[in-house]
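This is what each chain is made of:
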Amino acid sequence: MYYIIVNPASKSGRGLQIWEELKPIFQKREIPYQVMVSTHVGHVKELTRQITETQESVNLLLLGGDGTINEALQGISDFSKVKIGYIPTGSGNDLAHAMKLSKDPCKILEKILSGESAHSVDLGILTFDSRIDNHSSLHTDEDCVKRYFIVSSGIGFDAAVCEEALSSHLKNLLNKLKLGKLTYLGIALKQLFAAKSVSCDLYLDDKPVIHLNRFLFTAFMIHPYEGGGFNFCPKADDQDGLLDLCVIGNLPKPVILLALPTAFFGKHYIFPQIYGYRAKKAEIKTSIPLWVHTDGEVYLKSDHIYISCEQQKVMFL
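Residues numbered from 1 in each chain as written. Predicted model: local features only at pLDDT ≥ 70, side-chain atom pairs only at ≥ 80, totals over all residues. Heavy atoms only, no water.

(A) Focus on the overall build of the protein. Counting its secondary structure elements, the protein contains 10 helices and 16 strands. When each of the 317 residues of the protein is scored for burial, the buried share is 56%. The long-range share in the protein, meaning contacts at least 24 apart out of those at least 6 apart in sequence, stands at 73%. Accessible area for the protein stands at about 14,000 Å²; split by element, carbon and sulfur atoms hold 53% of it. (Helix = DSSP H or I, 4+ residues; strand = E, 2+ residues; numbered from the N terminus. Buried < 20%, exposed > 50% of the residue type's maximum accessible area, 1.4 Å probe, protein only. Contact = heavy atoms within 4.5 Å. Areas by Shrake-Rupley, 256 points an atom, 1.4 Å probe, with all protein chains shown as cover.)

Okay, here's the thing in structure tokens:
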């Protein structure tokens, strides 16, 4: 039995169309399934919780983007009894990129059903010590205390880019033209010039504090890519139980403009003030509250967060 959740808004409305292409595979093989369509922000979480709380073992198939996966994670209380299948229908699809999934949804589904691609991956956990500016009344206090992530989490510039992209009309237009990834690049340039001077203290495991008088952002990565293909942590391993960090320090904005394109190829560490770290857990305090994201989903700002990683916690079909 497969429980299928479709985000119809993903890919500018193509989510349902892609499901219609996949449905005959289930029917031909006579595989039982139940399909549900999300209708509002937070609905994927609600549906996932309803399914996983009432079943002993669940095969959950998700059609959506990285944000859909992120919402579903928030609805799972016991990861040991849930196996997730993923058909990417988003615009950035950084998880699909990292997992080297085919661009053909039917081929991905065939692999899922055959069991060829089953593997466990690490789970990131973000905990807010302080929080302000709740982004939407549709989210509960629970959303604003602890968040799971499977691709990356970040504070500062990268989260500000995600926050603007979530409400961008340009994103919808570019998705229709199959150029959705350009959304993030365009917004990144805009946010770069709007970025304020912010300092931070970064604590990694039990090591001495790392102080930066000025930083642009810190990304905490489970997988190598975020923001529609930026390869911020090329060596990130989704099964090693560690967070890979990309920290952008005090770089002049013209130099950052030069560095950003190189990040698509993972070559940005040649620039001074761009640091790579690895840790099981991290804590960061910033001089002012900044936007925070998990897998590109943004709800609020904070000036103090904790991030940790649980090894091979999530099973993917």
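(B) Layout of empty space enclosed by the protein. In this structure the tally under the stated criterion is three cavities of 30 Å³ or more. Its boundaries defined by the atoms lining it, the largest cavity holds a volume of some 110 Å³. It is helix 7 (residues 157-166) that contributes the most residues to the lining of the largest cavity, four residues altogether. In this structure, the second largest cavity encloses a volume near 70 Å³. Forming the walls of the second largest cavity are Leu-216, Phe-217, Phe-232, Ile-248, Leu-251, Ile-256, Ala-259, Leu-260, Ala-263, His-268 and Ile-274. Tallying contributions element by element places helix 10 (residues 253-263) first for the lining of the second largest cavity, with four residues. Counted by class, the lining of the second largest cavity contains 10 nonpolar, one polar and no charged residues. (1 Å grid on protein atoms, 1.4 Å probe; cavity = no way out; pocket = protein on both sides within 12 Å on 5 of 7 lines; lining within 4 Å. Points joined across faces, edges and corners; volume = space filled by probe spheres on them. Nonpolar A, V, L, I, M, F, W, Y, C, P; charged D, E, K, R; others polar.)

(C) Region of the structure containing a nonpolar patch on the surface. Side chains of Leu-16, Val-35 and Val-37 sit close together on the surface and give an oily, nonpolar patch of about 190 Å² of accessible area. With respect to the helices, strands and loops of the structure, Leu-16 is situated in helix 2 (residues 15-29). On the accessibility criterion, Leu-16 (34% relative accessible area) is partly exposed. (Patch = residues over 30% accessible without salt bridge, like charges linked within 9 Å, V, L, I, M, F, W, Y side chains within 5 Å. Salt bridge = Lys/Arg side-chain N within 4 Å of Asp/Glu carboxyl O.)

(D) Quick peek at the pattern of salt bridges. Applying the stated rule across the entire model yields five salt bridges. Note that Asp-244 is salt-bridged to Arg-278, the shortest N-O span being 2.8 Å. Highlighted residues: Asp-244 in strand 13 (residues 243-248) and Arg-278 in strand 14 (residues 274-279), separated in sequence by 34 residues. When its relative accessible area of 5% is taken as the criterion, Asp-244 is described as buried.

(E) Representation of helix 2. The end-to-end C-alpha separation of helix 2 is 22 Å, in line with the 21 Å expected for 15 residues at 1.5 Å each. If you look at helix 2, its biggest bend is around 30 degrees, right at Glu-21, and the proline Pro-24 turns up within four residues after that. Turning to helix 2, its buried residues number three or more, namely Gly-15, Ile-18, Trp-19, Leu-22, Ile-25 and Phe-26. Directly beyond the C-terminal end of helix 2, a positive phi value near 55 degrees is found at Glu-30. (Expected span 1.5 Å × (residues − 1). Bend = angle between axes of the 7 residues up to and from the residue.)

(F) Spotlight on the side chain of Thr-218. Assignment of secondary structure puts Thr-218 in strand 10 (residues 217-221). Not counting residues up to four positions away in its chain, the partners in contact with Thr-218 are Ser-153, Gly-154, Ile-155, Asp-158, Leu-245, Cys-246, Val-247 and Ile-284.

(G) Looking closely at the nonpolar core. With 28 residues, the main nonpolar core has Ile-69, Leu-73, Ile-84, Ile-150, Val-314 and Phe-316 as its most contacted residues. Put simply, the parts of the chain that give this core at least two residues each are strand 1 (2-6), helix 3 (43-54), strand 3 (58-64), helix 4 (66-74), strand 4 (82-88), helix 5 (94-98), strand 5 (119-128) and strand 16 (297-316). Not counting residues up to four positions away in its chain, the partners in contact with Ile-150 are Ile-69, Leu-73, Leu-95, Val-121, Asp-122, Ile-222, His-223, Asp-295, Val-314 and Phe-316. Counting residues in hydrophobic clusters, the runner-up holds 25 residues, among them Phe-128, Cys-200, Ile-284 and Leu-290. (Core = buried A, V, L, I, M, F, W, Y, C linked by side-chain atoms within 4.5 Å.)

(H) The arrangement of the environment of Asp-244 in detail. Separated by 23 residues in the primary sequence, Asp-244 and Met-221 have C-alpha atoms spaced 5.0 Å apart. In this structure Asp-244 touches Ala-219, Phe-220, Met-221, Cys-233, Lys-235, Ala-236, Asp-237, Tyr-277 and Arg-278, once residues within four positions along its chain are discounted. Within the structure, Asp-244 has its side chain in polar contact with the side chain of Arg-278 (distance 2.8 Å). (Polar contact = N/O pair within 3.5 Å; in protein donor to acceptor, adjacent residues only side chain to side chain.)

(I) The arrangement of the environment of Glu-46 in detail. Examined against the element boundaries, Glu-46 turns out to sit in helix 3. Spatially, the C-alpha atom of Glu-46 lies 6.4 Å from that of Gly-75, the residues being 29 residues apart in sequence.

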